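Topology and contacts: notes
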Amino acid sequence: MGALQIVGVHGIKQGSNSTTAGLSASWQATIDETLAAAAPASGAEGGAVVTVPSYQAVFPRTPTRYVRLGGSEAGLLSEDRSIDEEEEDFILKALAAYAPSAVEDESPEAGLTLGEGPLTPRIVRRIQAVDRKMGKGVTGRLLWFVREAHTYLRKEETAVLVRAAVTEALTETGARMVVAHSLGSVVVYDMLSRGEAPYVTMLVTCGSPLGWLAGRKGIHSEGERLKVPIGVEWTNLYASKDFVTGCVGLSHLAAGVTDIKVNNGAFPPSHDVHRYLDKPALAEVIAKAGIA
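Residues numbered from 1 in each chain as written. Predicted model: local features only at pLDDT ≥ 70, side-chain atom pairs only at ≥ 80, totals over all residues. Heavy atoms only, no water.

Turning next to the nonpolar core. Counting 63 residues, the largest nonpolar core has Val-9, Phe-145, Tyr-152, Leu-170, Leu-183 and Trp-234 as the members making the most contacts within it. Contributions of two or more residues to this core are made by β1 (4-9), α2 (85-98), α3 (121-134), α4 (138-154), α5 (156-173), β5 (177-181) and α6 (183-194). Residue contributions to this core peak at nine residues, all from α4. Setting aside chain neighbours within four positions, we find Phe-145 in contact with Ile-12, Tyr-98, Ser-182, Leu-183, Pro-209, Trp-212 and Val-244. Core analysis: the next-biggest nonpolar cluster, separate from the first, contains 27 residues, Val-179, Leu-237, Val-273 and Leu-282 among them. (Core = buried A, V, L, I, M, F, W, Y, C linked by side-chain atoms within 4.5 Å. Buried < 20%, exposed > 50% of the residue type's maximum accessible area, 1.4 Å probe, protein only. Helix = DSSP H or I, 4+ residues; strand = E, 2+ residues; numbered from the N terminus. Contact = heavy atoms within 4.5 Å.)

Next up, the structure:
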């Protein structure tokens, strides 16, 4: 039996300084170790070839530095990306989705001294309120992700190019299985919803933010369950301490998804793609895809 072709779709930081070759080699090494550790019990002796197209070349400049508010880290922001009213609203809703009860505890007096960076007073108050619920500094580490998710969801010219990069990899490899991490899961879900990945039959999402409301706007109708086309088997790996996922799976929001809870340690390492790729559960899905 030949090796199974897999296309990986990376999240934001994965693509910052990496080429397709670099990303593919990195994911390949981890998946090879995972399959070797699981075989022969998993039945994945045939192995897998992983191609991870880098879309960073078509993505706007990512946040590059922390700004500080009152001596604490507030988030990664770039000097050339100011926040307009529409993005501010997206950020506020996204952070509220992570900790809904925090909104009621916001202090009107907090955060009036912005310090360095383009944060608005409303965002600062939301950061401080959510930090009180989730732990100091957690919200700031999520902010870079929220801003980049906004770029994909709200800037169609960028989204088209990102999807094109993934489509090219699927076409060239003939892969029927996709492993998508973080923002990559939003990209692939969007493609499946648009009918742009018609030959994919196996989807694995890892560290997916699809569960929070703001992340689904623009690719999904609110009030409806998430769903993929008939014939696509969907497995979702989530870590209980991965705040990007909201620390929960997707089965309460998605039809037909199989949630698998894994232990990736503390945040932010719990969101790292390799901590998802090294799980025996992934080896089992790969084995199943190889037999199908």
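Continuing now.
This part covers the pattern of salt bridges. Tallying each qualifying case throughout the model produces eleven salt bridges. For the salt bridge of Glu-86 with Arg-154, the shortest nitrogen-to-oxygen distance reads 2.9 Å. Separated by 68 residues along the polypeptide, Glu-86 in helix α2 and Arg-154 in helix α4 bring together distant segments of the chain. Using a relative accessible area of 36% as the deciding quantity, one classes Glu-86 as partly exposed. Between Arg-147 and Glu-87 there is a salt bridge, and its shortest N-O distance comes to 2.9 Å. Of the two residues, Arg-147 sits in helix α4 while Glu-87 sits in helix α2, which places them 60 residues apart along the sequence. Classification of Arg-147 by relative accessible area gives buried; the value is 0%. Given a relative accessible area of 5%, Glu-87 falls into the buried group. (Salt bridge = Lys/Arg side-chain N within 4 Å of Asp/Glu carboxyl O.)

Ordered in space as β2-β1-β5-β6-β7-β8, the six strands form an open sheet in which the pairing is parallel. If you trace the sheet from one side to the other, it starts and ends with β2 (48-51) and β8 (257-262), each paired once. In this sheet, adjacent strand axes meet at a mean angle of 20° when their direction is disregarded. Against the sheet, α5 makes contact with β1, β2 and β5, and its axis sits at roughly 175° relative to β1, the strand it touches most. (Pairing = 2+ DSSP bridges. Axes fitted to C-alpha atoms, helices over the stretch in contact; angles between N-to-C directions.)

A regular strand places its side chains on the two faces of the sheet in alternate fashion. The buried fraction of β5 is high, at five of five residues. Side-chain alternation along β5 places Met-177, Val-179 and His-181 on one buried face and Val-178 and Ala-180 on a second face that is also buried. As defined by bridge partners, β1 adjoins β5 across four bridges and the pair is classed as parallel. Bridging across to β5, Gly-8 finds its partner in Val-179.

Note that Arg-141 resides in helix α4. Judged by relative accessible area, Arg-141 falls into the partly exposed class, the value being 30%. Along the sequence, Arg-141 and Pro-268 sit 127 residues apart, while their C-alpha atoms lie 7.8 Å from each other.

So, on to the side chain of Arg-126. Within the fold, Arg-126 resides in helix α3. Under the relative-accessibility criterion, Arg-126 is labelled buried at 11%.

Turning our attention to α5. The end-to-end C-alpha separation of α5 is 26 Å, in line with the 26 Å expected for 18 residues at 1.5 Å each. Looking at the residues trailing α5, positive phi occurs at Gly-174, about 70°. (Expected span 1.5 Å × (residues − 1).)

A word on unusual backbone geometry. A cis amide bond links Phe-267 to the next residue, Pro-268, at an omega of 10°. Within the element layout of this structure, Pro-268 appears in the loop between β8 and α8 (273-277). Its identity is not glycine, yet Ser-182 carries a phi of approximately 55°, on the positive side. One can find Ser-182 in the loop between β5 and α6. When its relative accessible area of 2% is taken as the criterion, Ser-182 is described as buried. The backbone of Cys-247 sits at a positive phi, close to 65°, despite the residue not being glycine. Along the chain, Cys-247 turns up in the loop between β7 (233-239) and β8. Cys-247 gets classed as partly exposed once you look at its relative accessible area, which sits at 21%.

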